[in-house]
Amino acid sequence: AVSSRLTEHIPVGFLSFCSRKNDLYGVHIVRGGTLQELQDRGAVVEVCSLGYDALTRSKDNASMYLSIIGRFSTFTWLVYVTGLDHIDDALLKWLAEYTKAHPWRFVYLENTQTSWNFAENRDRCVYDRAPPPVERNIRTEANLKNPEVSQLRPTHNQPYPRVGTHCAALEVTEDMLTSSKDWDTVSRFARSFFRNTAAADQNCQQESQGECDWSLSGADASLGDRSDYRKVMRGIFRLDEPCVVLLCSPPGAGKSHFANELAEMLKRKHRIGRAFIDGSDDRFVDMSLTEILNVELPDPTKRQFLIVDEFHMLKEHHKQDLFLWLEANSRRLHVLMIANRKDANDEKLLDELTRKGALVGIKPDRIRHFSTRLGNKLLREVMQKRKTDRAVQDKIRRWMHCSRCLFGGEAVSLWGIAGLVDRLKAVSAATADELVNLLLDKIPTVSETTAQEFVAAFLASFEERDADSGTSAVHNVAQKVKGPVSLMFQAALLTERNDFLGMDFPDFVSFGLERAYDAPPALRIAAWCCHMRHHAREDPDLLGSMDPPSYAFQSVLVDQCSFPLQLEEQGARKLLTEGLAFSWGGDYSRMKDIIDAVRHGHSVDWSDVHDRCWKCEPVQDSRLLVELLSVCTSPGKVLDALTKDNLCALLKKSGPDDSLHIAADVLRYQTHRASARLDRFLSPYRTAVWMVVCYDTAVALPADLLDRLGPQPGAAAPGGDPEEGGG
């Protein structure tokens with residue numbers, strides 16, 4: 001509607017400058033020189049330069065937001081922002097929502113890199129004139145050294161010493177592993193490597209001989225409930241009693257639509273009205289969370305259904321304020337918090353509210369959290385409601401399933417159905433390029449090589465397709481496309497029909513493996529393929545159609561969080577004990593910046609952090625360290641980057657909760673355990689043990705303490721001899 005009104009008054013040659021994403025949002029990411037193009041066409045543009053403020057950090061997000069929107073006036077329709085190389089998600093979301101509320105106003109951001117912003121915020125931006133992400137310029141190792149690349153995405157050599165230790169213990173060479181044609185051999189090695197920490201390296205000979213089980217115990221035990229979460233939640237909200245529920249899934253999985261369905265049900269069944277707050281609301285610029293809640297729920301006696309959307313965008317202190325408010329008000333509320341991602345602190349807040357349930361008037365079993373993902377069942381329902389062409393429904397389901405399995409939930413959304421229909425109705429020579437661009441727009445941090453290999457595997461999977469079996473699809477991909485992404489695509493096809501089985505690759509790395517980043521990305525890929533094969537183990541013919549595991553080690557992969565960046569080169573780096581990894585290039589002295597970078601998936605060179613900052617400037621804020629450990633994919637490396645004196649001081653001087661959190665990670669990753677005897681009273685490992693004894697009320701017996709310590713190097717493994725420990 002907005003677009004049609006605009007076109008009535010705007011010259012045709014100027015329409016592209018006034019396009020809006022989804023006919024709603026007017027934020028444009030543009031390349032340098034766009035300002036001159038606008039002025040050449042006679043546009044009167046207000047320029048807002050934030051380069052100095054961004055460099056000196058003299059303004060926070062709220063101040064920059066007010067500076068930008070303050071440039072608008074009755075006669076100003078476009079504010080052109082320069083100097084922001086990167087933009088925080090909160091500021092980007094505020095600007096998008098501002099342009100949604102003012103459909104005649106636009107914000108242009110010049111040369112702002114948004115590759116690492118959250119997908120739901122990138123989806124609110126127009127990229128017609130955007131500069132290509134720096135990842136598009138990376139094809140070979142030589143490209144990594146180009147100044148325009150190294151300035152934004154610096155790299156370093158990343159050692160993986162545990163792989164060498166494990167190979168020696170199992171008496172296998174790296175070449176034997178990377179060239180193996182036997183899935184069982186690779187599966188046993190990977191499973192014993194990722195099973196635990198140092199204890200596994202000493203006992204891996206015995207562990208590698210047993211049956212290889214990739215079910216990951218509790219890590220994916222709840223996957224079977226994902227397709228039924230709506231039924232369970234309807235049962236919770238149907239009751240008249242108050243409840244608090246956190247629903248978490250990647251964007252575009254139908255959470256907001258389901259919340260509206262629950263609101264209608266509560267209104268119809270219990271006459272309960274709806275109240276709504278947005279965790280990224282620009283009212284947070286000048287209002288507290290409590291003030292916003294009091295505005296939206298002014299009557300303290302009225303029963304209401306409170307929806308907290310974008311819960312993940314709330315700052316940590318806002319989340320704590322929300323739960324304090326819930327303690328006083330939850331007895332009259334049905335509360336649904338919607339998040340695209342969660343961290344350990346969210347579960348901690350829910351656990352604390354559960355413990356206080358009886359005191360705040362809410363039963364503990366009415367405080368729940370659900371994690372879900374976009375699956376075939378919901379996808380089928382939506383396509384049927386939209387009357388999607390049956391000829392492309394199977395193709396859309398396969399694209400959604402396989403891209404989600406490889407790249408995570410942020411790679412797919414219900415919003416993307418229409419774009420896929422347009423591209424898959426009639427497959428032509430241009431279809432492959434269109435699909436590559438579609439994938440790169442959705443996941444800008446992967447390489448063009450990865451996108452091309454994925455699309456080639458997708459198109460190959462439909463050639464000579466057997467309607468009664470997935471075998472033909474796996475076989476066709478294996479025959480026509482070779483490489484690590486093709487191998488992963490084949491593994492994803494194994495669970496296409498039972499898509500609730502198995503974990504997506506990013507989740508598998510983050511939650512399914514112990515110390516995942518102690519291994520190079522190729523070994524993590526091989527481990528994930530073994531995990532998916534385990535879930536399809538009852539169909540040996542299907543498993544036999546797959547390529548051998550050696551293809552996982554075929555390409556050069558640059559390590560980063562989530563999916564590694566694949567280069568065009570092959571075979572140049574087959575060693576597993578060292579590889580390339582991206583480094584975050586920010587200010588190491590700003591702990592909040594490091595936390596934000598890790599939360600957005602940046603890789604951090606923790607050895608460099610130690611050498612350039614933490615060795616000379618000890619970490620002082622234990623609360624920030626706990627937050628970093630909660631969101632980081634490799635907490636053990638964070639702890640190793642701290643000096644021993646600093647780590648001991650943080651353990652001793654922090655409050656009980658923070659001290660216990662740090663101690664738990666020290667014990668879990670056995671930080672400085674090998675030198676505990678030499679360190680004596682300055683040993684972080686021994687200090688962590690003492691903190692557990694002092695503060696952990698659940699430790700009442702020696703057996704409880706041993707359970708906190710976990711598997712110990714030198715402990716007798718089945719059939720093994722005990723060795724002297726280091727503690």
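Look a little higher up for the structure.
The present account deals with the structure reproduced in this document.

Calculation criteria
- Residues numbered from 1 in each chain as written.
- Predicted model: local features only at pLDDT ≥ 70, side-chain atom pairs only at ≥ 80, totals over all residues.
- Heavy atoms only, no water.
- Core = buried A, V, L, I, M, F, W, Y, C linked by side-chain atoms within 4.5 Å.
- Buried < 20%, exposed > 50% of the residue type's maximum accessible area, 1.4 Å probe, protein only.
- Helix = DSSP H or I, 4+ residues; strand = E, 2+ residues; numbered from the N terminus.
- Contact = heavy atoms within 4.5 Å.
- Pairing = 2+ DSSP bridges.
- Right-handed = clockwise from strand over helix to strand, strands pointing away.
- Phe/Tyr/Trp six-rings, centres within 6.5 Å; stacked < 30°, edge-to-face > 60°.
- Expected span 1.5 Å × (residues − 1).
- Axes fitted to C-alpha atoms, helices over the stretch in contact; angles between N-to-C directions.

1. A closer look at the nonpolar core
With 83 residues, the main nonpolar core has Ile396, Leu406, Phe407, Ile417, Phe454 and Trp528 as its most contacted residues. For this core, the leading source of residues is helix H26 (residues 521–535), giving nine residues. Excluding its chain neighbours within four sequence positions, the residues that come into contact with Ile417 are Leu379, Val382, Met383, Arg386, Thr388, Ile396 and Met400. If you look at the next biggest cluster of nonpolar residues, it comprises 40 residues, including Met591, Ile594, Leu651 and Val689.

2. Some points on the sheet that holds strand S3 (residues 78–82)
As summarised here, the arrangement of the five strands in space is S2-S3-S4-S1-S5, forming an open sheet in which the pairing is parallel. Whereas interior strands pair on both sides, the edge strands pair on one side only; in this sheet they are strand S2 (46–49) and strand S5 (125–126).

3. With respect to the pairing of strand S9 (residues 304–309)
Extensive coverage of S9 is indicated by the burial of six of its six residues. Two elements, strand S8 (residues 273–278) and S9, share six bridges in a ladder whose sense is parallel. Within S9, the residue paired with Ile277 across the bridge is Val308. Inspection of the sheet shows S9 paired to strand S10 (residues 333–339) by five bridges, in the parallel sense. Note that in S10 the partner of Gln304 across the bridge is Leu333. Read from S9 through helix H15 (residues 316–329) to S10, the crossover connection turns out right-handed.

4. Concerning the packing of aromatic side chains
Counting across every chain of the model gives 18 aromatic pairs. Judged by centre distance (5.0 Å) and plane angle (90°), the rings of Phe193 and Phe194 are edge-to-face. We classify Phe194 as buried; its relative accessible area is 1%. Centre to centre, the rings of Trp606 and Trp614 are 6.1 Å apart; their planes meet at 35°, and the pair counts as tilted. The same class applies to Trp606 as to Trp614, namely buried. Chaining the aromatic ring pairs together yields one cluster made of Trp399, Phe407, Phe454, Phe458, Phe462, Phe489, Phe505, Trp528 and Phe563.

5. Section: the environment of Ala641
Its place among the elements puts Ala641 in helix H31 (residues 635–641). Residues Ala641 and Lys615 lie 26 residues apart in sequence; the distance between their C-alpha atoms is 8.1 Å. When near neighbours in sequence (up to four residues on either side) are disregarded, Ala641 contacts Trp606, His610 and Trp614.

6. Comments concerning helix H19 (residues 390–407)
With 18 residues, H19 should reach 26 Å at 1.5 Å per residue; the first-to-last C-alpha distance of 26 Å fits that figure. Buried residues dominate H19, accounting for 14 of its 18 residues. Note on H19: the residue one or two positions beyond its end, Gly408, has a positive phi of about 95°.

7. Considering the sheet that holds S9
Strand order in the open sheet formed by five strands is S8-S9-S10-S7-S11, with parallel pairing between adjacent strands. Sheet topology places S8 and strand S11 (367–371) at the edges, where each strand pairs with a single neighbour. For this sheet, the mean inter-axis angle between neighbouring strands, taken without regard to orientation, is 15°. Pairing analysis gives six bridges linking strand S7 (residues 243–248) to S10, with the strands arranged parallel. Bridged to Cys248 within S10 is Ala339. Lying over the sheet, helix H14 (residues 289–296) contacts S8 and S9, oriented at roughly 155° with respect to S8.

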